[in-house]
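These are the residues of each chain, in order.
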Amino acid sequence: MFGKTVAEWESAAQHYKIIPSNEILEILKVSFDALGEEQMNVFLDIACCLKGYKLTEVDDILRALYGNGKKHHIGELVEKSLIKLNCYDSGTVEMHDLIQDMGREIERQRSPEDPGKCKRLWSPKDIIQVLKHNM
């Protein structure tokens, strides 16, 4: 971005907020690809919707969605450094912003043109579109 105008910097920053650099995402995706199917679902749920929630709340939500046994997957995600448990903040589930971006991008790529086909929505624009058009 050397030699670019402020407007170009702002435009690039806005673009990367929406769709992060593919190079960065591909490097991070290696850890995601090594997960099992259930671990992938738990990871995507946390990345798209549950980051910052207390572990007890995340466990309750995952149990309602998938049944018992998801606590084990949370432990596996911690071991693989995809998430961390913040013991100093009432046991909240946290993850690095780039890892969250990777998870959201993986989910978005499942149906980039039709967010109504995605299992997880986090963007207010997409949520409004899906509800407004009854998708």
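What you see is a predicted model, and the numbers here were worked out from it, not measured in a lab.

1. Description of the packing of aromatic side chains
- Going through the model one piece at a time under the given rule, you end up with one aromatic pair.
- Centroid distance F32 to F43: 5.6 Å. Interplanar angle 50°. Geometry classified as tilted. Highlighted residues: F32 in helix α2 (residues 22–33) and F43 in helix α3 (residues 37–50), separated in sequence by 11 residues. In this pair, the class of F32 matches that of F43, namely buried.

2. Quick look at unusual backbone geometry
- One non-glycine residue, S81, lies in positive phi territory at about 60°.
- When you line up the elements, S81 lands in the loop between α5 (70–79) and β1 (84–86).

3. Description of α3
- Taking 1.5 Å per residue, 14 residues should reach 20 Å; α3 reaches 18 Å between its end C-alpha atoms and fits that length.
- For α3, the tally of buried residues reaches 11 of 14 residues, placing the bulk of the element in the interior.
- Along α3, the residues classified as buried are Q39, M40, N41, V42, F43, L44, D45, I46, A47, C48 and L50.
- Following α3 by one or two positions, G52 has its phi on the positive side, about 95°.

4. Comments concerning the side chain of Q39
- Along the polypeptide, Q39 turns up in helix α3.
- Judged by its relative accessible area of 10%, Q39 is buried.
- If sequence neighbours within four positions are ignored, Q39 has contacts with H73, E76, L77 and K80.

5. Digging into the packing of α3 against helix α6 (residues 97–109)
- Their axes nearest at 8 Å, the elements α3 and α6 cross at an angle of 110°. Taken together, the axis directions place α3 and α6 in an arrangement best described as roughly perpendicular. Of α6, the residues touching α3 (which contributes F43, L44, A47 and C48) are I99, Q100, M102, G103, R104, I106 and E107.

6. Some remarks on the pattern of salt bridges
- The tally for this structure, following the rule as stated, stands at eight salt bridges.
- Here K51 and D97 are joined by a salt bridge, their closest N and O atoms 2.6 Å apart. Of the two residues, K51 is situated in the loop between α3 and α4 (55–66) and D97 in helix α6; the sequence distance between them amounts to 46 residues.
- Assessed through its relative accessible area of 48%, D97 is described here as partly exposed.
- One salt bridge in this structure joins R120 and E107, with 2.8 Å as the shortest N-O distance. Of the two residues, R120 sits in the loop between α6 and α7 (124–132) while E107 sits in helix α6, which places them 13 residues apart along the sequence. The same class applies to R120 and to E107, which are both buried.
- When salt bridges with common partners are traced through the structure, they connect D45, E107, R110 and R120 into a single cluster.

7. Details of the packing of α4 against α5
- Their axes nearest at 9 Å, the elements α4 and α5 cross at an angle of 125°. Between α4 and α5, the interaxial angle falls into the category oblique. α5 is crossed by α4, and the crossing has right-handed handedness. In contact with L55, V58, D59, L62 and Y66 of α4, α5 contributes K70, K71 and I74.
- Split by residue class, the contact of α4 with α5 holds five nonpolar, no polar and three charged.

What counts as what
Along each chain, residues carry numbers from 1 onward, in the same order as the chain's sequence is written. The model is predicted, so local features are restricted to residues of pLDDT at least 70 and side-chain atom pairs to those at 80 or more, both for listing and for counting; the totals for chains, interfaces and linings are taken over all residues. With hydrogens and water set aside, each side-chain value is computed from the structure's full complement of heavy atoms. Any two of the Phe, Tyr and Trp rings considered here, Trp counted by its six-membered ring, make a pair once their centres fall within 6.5 Å; the pair's planes then place it as stacked at under 30 degrees, edge-to-face at over 60, or tilted in between. Counting from the N terminus, the helices are DSSP H or I runs at least four residues long and the strands are E runs at least two residues long. In this scheme, a residue with accessible area under 20% of its type's maximum is buried, one over 50% is exposed, and one in between is partly exposed, where area comes from a 1.4 Å probe on protein chains only. Multiply 1.5 Å by the residue count of a helix minus one, and that product is the helix's expected span. Throughout, a contact is declared for two residues whenever any of their heavy atoms are within 4.5 Å. Simply put, an axis is a line fit to the C-alpha atoms, just over the touching stretch for a helix, and the angle between two N-to-C directions goes from 0 to 180 degrees. Roughly parallel refers to an angle under 35 degrees, roughly antiparallel to one over 145, roughly perpendicular to one between 65 and 115, and oblique to any angle outside these ranges. We count a salt bridge whenever a side-chain nitrogen from Lys or Arg sits within 4 Å of a carboxyl oxygen from Asp or Glu. A clockwise turn of the near helix away from the far one marks a right-handed crossing, whereas an anticlockwise turn of less than a right angle marks a left-handed crossing. Under the convention adopted here, Pro, Cys and the residues Ala, Val, Leu, Ile, Met, Phe, Trp and Tyr are nonpolar, Asp, Glu, Lys and Arg are charged, and Gly plus all remaining residues are polar.

Shape is all these values report; function is a separate question.
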